[in-house]
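Structural features, examined
Chain residues, written in single-letter form:
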Amino acid sequence: MTLPFRNPSRALVLTIAVAAGTGLVHGAAAAAGGPFLAHQALYDLSLVKSRGSNSVSDARGRILYNFSGSSCEGYTSEFRQVSELDSGEGKVTLSDLRSSSWEDASGKSYRFKIDTRMNDSDSSPVDGIAERVGDHITVKLTQPVKKTFNLDGKIVFPTEQIQHIIAAAGDGKSVLEQTVYDGSDNGEKVYNTLTVIGRPIAGDRAPSSPDPSTASDAMKTMTRWPVTVSYYDSDARAKDGEQTPVYAMSFELYENGVSRALVLDYNDFVISGALDKFDVRDSKPCK
């Protein structure tokens, strides 16, 4: 994953999608003690700090995220991110990323479409489907090139990833390791992840920085957990027994699948995603 901003913005969108509620499966709902929430969320992106030699003077943007579905029909997420990265001296990169995905509630199938545009360049589409078959996962890409390949069956999709995080949080666990496939980059990337889960925060405990989710009647009784997920390139070799994450994501995850207080650390710079608008959507229960 390289700078400036095409891949970090892709990662940011995917991690927000994961945190905001794509992983809504029976097991996760049982662990969390209730159903997950169909909703629309608008996130404001801003630069928290810049560090290292690849300095960034400013970063801003917005993400509009929609989540819908149920455990019987699967879950759909749609989002659009428009973001701008200012590297100083008039070097500004504008990215426009649109993404949609559907995932079977049992984690057997995952469909994804991503379209990215950088400044005035042509779009870079990724389109494919991943299906769990026996002890492996078969991925069929139609873009950027037609290609079929297999992955280890132990790899999880984004839904399964968040399912396991919520289940682990509900069991009082503090660390979770998973390998994740989400269609990133050219559709062939796999990431190793390390998740650190903090102590539960009761619903009646006021946040230090309120936002529309904390003011929502649907959220006021919900327990949440502080979570940090670090993403590592599964193809990179660790030096001296240690490997630096490509990026790390921190957020507060509610038991109904909604997230708030997002912070994305890309080593050279850190971006926050503040929840600006939050609307609960109607959902159809399983028959």
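Each remark here, short or long, concerns the structure printed above.
Rules of the game
- Residues numbered from 1 in each chain as written.
- Predicted model: local features only at pLDDT ≥ 70, side-chain atom pairs only at ≥ 80, totals over all residues.
- Heavy atoms only, no water.
- Helix = DSSP H or I, 4+ residues; strand = E, 2+ residues; numbered from the N terminus.
- Buried < 20%, exposed > 50% of the residue type's maximum accessible area, 1.4 Å probe, protein only.
- Contact = heavy atoms within 4.5 Å.
- Areas by Shrake-Rupley, 256 points an atom, 1.4 Å probe, with all protein chains shown as cover.
- Core = buried A, V, L, I, M, F, W, Y, C linked by side-chain atoms within 4.5 Å.
- Salt bridge = Lys/Arg side-chain N within 4 Å of Asp/Glu carboxyl O.
- Polar contact = N/O pair within 3.5 Å; in protein donor to acceptor, adjacent residues only side chain to side chain.
- Phe/Tyr/Trp six-rings, centres within 6.5 Å; stacked < 30°, edge-to-face > 60°.

When helices and strands are counted, the protein chain shows four helices and 14 strands. In the protein chain, which comprises 287 residues, the proportion classed as buried is 50%. Sequence-distant contacts, at least 24 apart, represent 55% of the contacts inside the protein chain between residues at least 6 apart. Of the roughly 13500 Å² of accessible surface on the protein chain, a fraction of 47% belongs to carbon and sulfur atoms.

What follows is about the nonpolar core. Among the nonpolar cores identified, the biggest contains 42 residues, and I165, I197, V227, V229, F251 and L253 are the most heavily contacted of them. Listed in part, the 15 residues of the second largest apolar core include F112, A130, F149 and V190.

What follows covers the pattern of salt bridges. In total, this model carries 13 salt bridges according to the counting rule given. Its salt-bridge partner being R260, residue D211 comes within 3.0 Å of it at the nearest N-O pair. Of this pair, D211 sits in the loop between β10 (190–197) and α4 (212–215) while R260 sits in strand β13 (residues 259–265), and the two are 49 residues apart along the sequence. Given the relative accessible area of 11%, D211 is considered buried. Of the residues examined, R260 reaches a relative accessible area of 2% and is grouped as buried. In this structure, D217 and K220 form a salt bridge, with 3.4 Å as the shortest nitrogen-oxygen distance.

All right, on to the environment of D96 then. Note on placement: D96 falls in strand β4 (residues 92–103). Sequence separation of D96 and S123 is 27 residues, and the distance between their C-alpha atoms is 9.2 Å. At 2.6 Å, the side chain of D96 and the side chain of R80 are in polar contact.

This part takes up the side chain of Q178. Position of Q178 relative to the elements: it lies in strand β9 (residues 175–181). We classify Q178 as buried; its relative accessible area is 8%. When neighbours within four sequence positions are excluded, Q178 is seen to be in contact with V156, E160, Q161, H164, I165, Y191, N192 and T193.

This paragraph deals with unusual backbone geometry. Cis geometry is adopted by the peptide bond preceding P144, which originates at Q143 and carries an omega value of 10 degrees. Among the structural elements, P144 can be located in the loop between β7 (136–143) and β8 (147–152). The residue N267 is not glycine, and still its phi comes out positive at about 70 degrees. Of note, N267 is situated in the loop between β13 and β14 (269–280). On the basis of relative accessibility, which here comes to 32%, the residue N267 falls in the partly exposed class.

Another point: the packing of aromatic side chains. If you walk through the whole model with that rule in mind, you get ten aromatic pairs. Note on Y191 and Y231: the rings are 6.0 Å apart at their centroids and 80 degrees apart in plane angle, and the pair reads as edge-to-face. Taken together, the residues span a long stretch of sequence, with Y191 in strand β10 and Y231 in strand β11 (residues 224–233) at a distance of 40 residues. Y231 matches Y191 in its accessibility class, with the two residues each being buried. Summarising the aromatic geometry, the rings of Y266 and F269 are spaced 5.5 Å apart at their centres and angled 40 degrees between planes, so their arrangement reads as tilted.

No statement about biological role is implied by the geometric values presented.
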